[in-house]
Amino acid sequence: MVERVISRDEILKGQECPSNLEGNLQGLLLALNRFRAAYGKPMIVNSGYRSPEHNASVGGRPGSAHVLCQAADFRDPTGSLASFCLENVQLLEHCGLWLESPSYTKGWVHLQTRPALHRVFIP
Ligand SMILES: [Zn+2]
């Protein structure tokens, strides 16, 4: 498989990044691409940045890290990415990422740069 980076377009999916969130977007891309380089496999973004309206329309929690451009959900139908994350919590820490406990995300993986109480957190 071809090595590739997670792009800004994959996080924004045609939406504008509000200028006050540009720093968050850059930080998110840096952290995710560090992680992806270690994972060594493609990571497909299901959902990245969400405007407050978009977030509400997909049933996201108000105050979700997606609204601040600090989170992305990745396709994970087999659970292999979730397993990799759980087996490599130190890598998450090294990359500056927090993982929503996969018990709460079936079929996808939520990673965020917004700090949570625990590296693997319960939403
Ligand atoms: Zn999410």
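Below or above, wherever it landed, is the structure these notes cover.

**Notes on the coordination of the zinc ion**
Within the protein, His66 (NE2), Asp73 (OD) and His110 (ND1) serve as the donor atoms for the zinc ion, at 2.0 Å. Each donor residue of the zinc ion belongs to the same chain, with the gaps between them written as H-x6-D-x36-H. Here His110 lies in strand 4 (residues 108–112) and His66 lies in the loop between helix 3 (52–57) and strand 2 (71–75), a separation of 44 residues in the sequence. Each member of the pair, His66 together with His110, is buried.

**A short note on helix 2 (residues 22–39)**
Taking 1.5 Å of rise per residue, 18 residues should cover 26 Å, and helix 2 covers 25 Å from first to last C-alpha, within 8% of that figure. Of the residues making up helix 2, those classed as buried are Leu25, Leu28, Leu29, Ala31, Leu32, Asn33, Phe35, Arg36 and Tyr39. In the core, the buried residues of helix 2 are packed alongside helix 1 (8–12), strand 2, helix 4 (80–87), helix 5 (89–95) and strand 4. Of the residues trailing helix 2, Gly40 is marked for its positive phi of about 75°.

**Quick look at the pairing of strand 2**
Counting buried positions along strand 2 gives four out of five residues, so the element sits mostly inside the fold. Examined bridge by bridge, strand 1 (residues 45–47) and strand 2 share two bridges and lie antiparallel to one another. Counterpart to Val45 in the pairing with strand 2 is Phe74. Here strand 2 runs beside strand 4; their pairing, made up of five bridges, is antiparallel. Bridge pairing links Ala71 to Gln112 in strand 4.

About the criteria used
- Residues numbered from 1 in each chain as written.
- Predicted model: local features only at pLDDT ≥ 70, side-chain atom pairs only at ≥ 80, totals over all residues.
- Heavy atoms only, no water.
- Donors = N, O, S within 2.8 Å, 3.2 Å for Na, K, Ca; no water.
- Helix = DSSP H or I, 4+ residues; strand = E, 2+ residues; numbered from the N terminus.
- Buried < 20%, exposed > 50% of the residue type's maximum accessible area, 1.4 Å probe, protein only.
- Expected span 1.5 Å × (residues − 1).
- Contact = heavy atoms within 4.5 Å.
- Pairing = 2+ DSSP bridges.

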